[in-house]
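Read off the chains here:
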Amino acid sequence: MSAEPRGERGNLLQELFWTRTGLLLLILVVTSGTCLVVSSGMMPGAVRNFLTSVGTGTMISAVVGFTQTLVTSSAAHRALVAPVVAESRKALHDLTAEYRALDREFFPSHVFEPTARPDPAFNQVMMQDLERTRLYGFRGFAGRYAAGRLLLSRSECELRAVLADPRDADAIGGRARYLLRHEGADGDYDAIADRLREQVRVGLVGLFLARGRCSRIDLTMVPDPPLDRLELFDDSAWLTLYSTAGSGAVRLYPRTLRFSDGSFLYGMERAEFLRVSNSRAGSHVVIHPATTRAEFRGMFAEITGAPLSEEGFRTLEDKFHRFRKEFSASAQLGS
């Protein structure tokens, strides 16, 4: 703590002795010393008294002048330099706060790079958001992951899901082309499309099984879902960028960005999601905790255009539980 004042005082003394004031002080000291030395070697008399008086007066003037200059310079430093430094620090602090606000508004809070397997860090942060939310909005393809997360969650929320219509070829095509790039030349488009339709059916059964974790589940099946997946919570929005995965190596789990609730993109995506989910576009069904299996089989036939037998339900249920266990183990989210 004491090093800084000594450093400032040393700089002040150094500047003092290299100015005209310092030169004048040096002249006074030299004159005073010369007069005193000369007078000490003279006989008593008027000349000696005169030189002694000049030497003594000059020395007093030098001491007083030096002290006055030191005090005045310190006061000037406190009066002029210190306020400028304080104001600069305040301006820098305000500028930093402004940049942080801009970062919060326009930049993601988390960035997760593409992976071939579920990223445990990604899934743990998302599960924390899910535990705190009252509304879980999902806009994606099949809804299997949403159902798996709900069964792993310990809290209750309302789920609104916008999914691909399995009866529409265009709704399947975008994701099929993405997976075809992932699988390379060995992939077969028709086989991939059939597998995707099966994933939608498995996801529907999974969402029915997760109905006890939700106050209600609103499902909207649309023929032209965006390729990017959106998962919306009360305090965050997650965008999984399937649409920008064309350059470089294609990973099964593409790049994902998390935006906080104070960001511009969060407000825009939330408004657009609520508009689509409330528009009643495409097929729309509501699953309640009290919805029976027979009622769900009717909803399933309405969504997919194909009836669902009891045996078919059990088959899809087994497939969903196998998927849930594999996903939980890969993402390290427990059983």
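Going by the structure above, here's the rest.
Quick caveat: nothing in here was measured; it's all calculated off a predicted structure.

What counts and how
- Residues numbered from 1 in each chain as written.
- Predicted model: local features only at pLDDT ≥ 70, side-chain atom pairs only at ≥ 80, totals over all residues.
- Heavy atoms only, no water.
- Helix = DSSP H or I, 4+ residues; strand = E, 2+ residues; numbered from the N terminus.
- Buried < 20%, exposed > 50% of the residue type's maximum accessible area, 1.4 Å probe, protein only.
- Contact = heavy atoms within 4.5 Å.
- Areas by Shrake-Rupley, 256 points an atom, 1.4 Å probe, with all protein chains shown as cover.
- Phe/Tyr/Trp six-rings, centres within 6.5 Å; stacked < 30°, edge-to-face > 60°.
- Lys NZ or Arg CZ within 6 Å of the ring centre and 35° of its normal.
- Pairing = 2+ DSSP bridges.
- Core = buried A, V, L, I, M, F, W, Y, C linked by side-chain atoms within 4.5 Å.

Considerations on the overall build of the protein chain
- Along its length, the protein chain carries 10 helices and eight strands.
- When burial is assessed residue by residue, the protein chain has 38% of its 335 residues classed as buried.
- Sequence separation of 24 or more characterises 70% of the internal contacts of the protein chain that already satisfy a separation of 6 or more.
- With an accessible surface of roughly 18500 Å², the protein chain has 58% of that area assigned to carbon and sulfur atoms.

Thoughts on the packing of aromatic side chains
- Summed over the entire model, instances satisfying the criterion amount to 13 aromatic pairs.
- An angle of 80° between the planes, with centres 6.2 Å apart, marks the rings of Tyr145 and Tyr253 as edge-to-face. Residue Tyr145 is located in helix α5 (residues 144–152), and its partner Tyr253 is located in the loop between β6 (236–240) and β7 (256–260); the two are separated by 108 residues in the primary sequence.
- Of the residues examined, Tyr145 reaches a relative accessible area of 14% and is grouped as buried.
- Overall, the relative accessible area of 17% leaves Tyr253 in the buried class.
- Three or more aromatic residues link up through ring pairs in this structure, and these residues are Tyr145, Tyr253, Phe320, Phe323 and Phe327.
- Stacked on the ring of Phe323, the Lys or Arg Arg144 has its end atom at 4.2 Å from the ring centre.

What about the environment of Leu130?
- Along the polypeptide, Leu130 turns up in helix α4 (residues 120–132).
- Take Leu130: its relative accessible area is 1%, and that puts it in the buried class.
- In this structure, the C-alpha to C-alpha distance between Leu130 and Glu231, residues 101 residues apart in sequence, is 9.7 Å.
- The residues contacting Leu130, other than those within four sequence positions of it, are Tyr136, Arg149, Leu150, Ser153, Ser155, Cys157 and Phe233.

Points about the pairing of strand β4 (residues 214–222)
- Among the nine residues that make up β4, seven are buried, leaving the element largely enclosed by the rest of the structure.
- Judged from the seven bridges that link them, strand β3 (residues 157–164) and β4 form a sheet pairing that is parallel. Bridge pairing in β4 places Ala161 opposite Leu219.
- Looking at chain direction, β4 and strand β8 (residues 283–287) are connected through five bridges and run antiparallel. From the neighbouring strand, Asp218 faces β8, where its bridge partner is Val286.

A short note on the nonpolar core
- Ranked by size, the top nonpolar core spans 57 residues in total, and within it Tyr136, Leu150, Leu159, Leu163, Leu204, Leu219 and Phe296 carry the most contacts.
- Discounting residues that sit within four places of it in the chain, Leu163 has contacts with Phe138, Gly140, Phe141, Ala142, Gly143, Leu204, Leu207, Leu219, Thr220, Met221 and Val222.
- By size, the runner-up hydrophobic cluster in this structure holds 12 residues, among which are Val162, Leu232, Leu257 and Tyr266.

In short, shape yes, function no, at least from these values alone.
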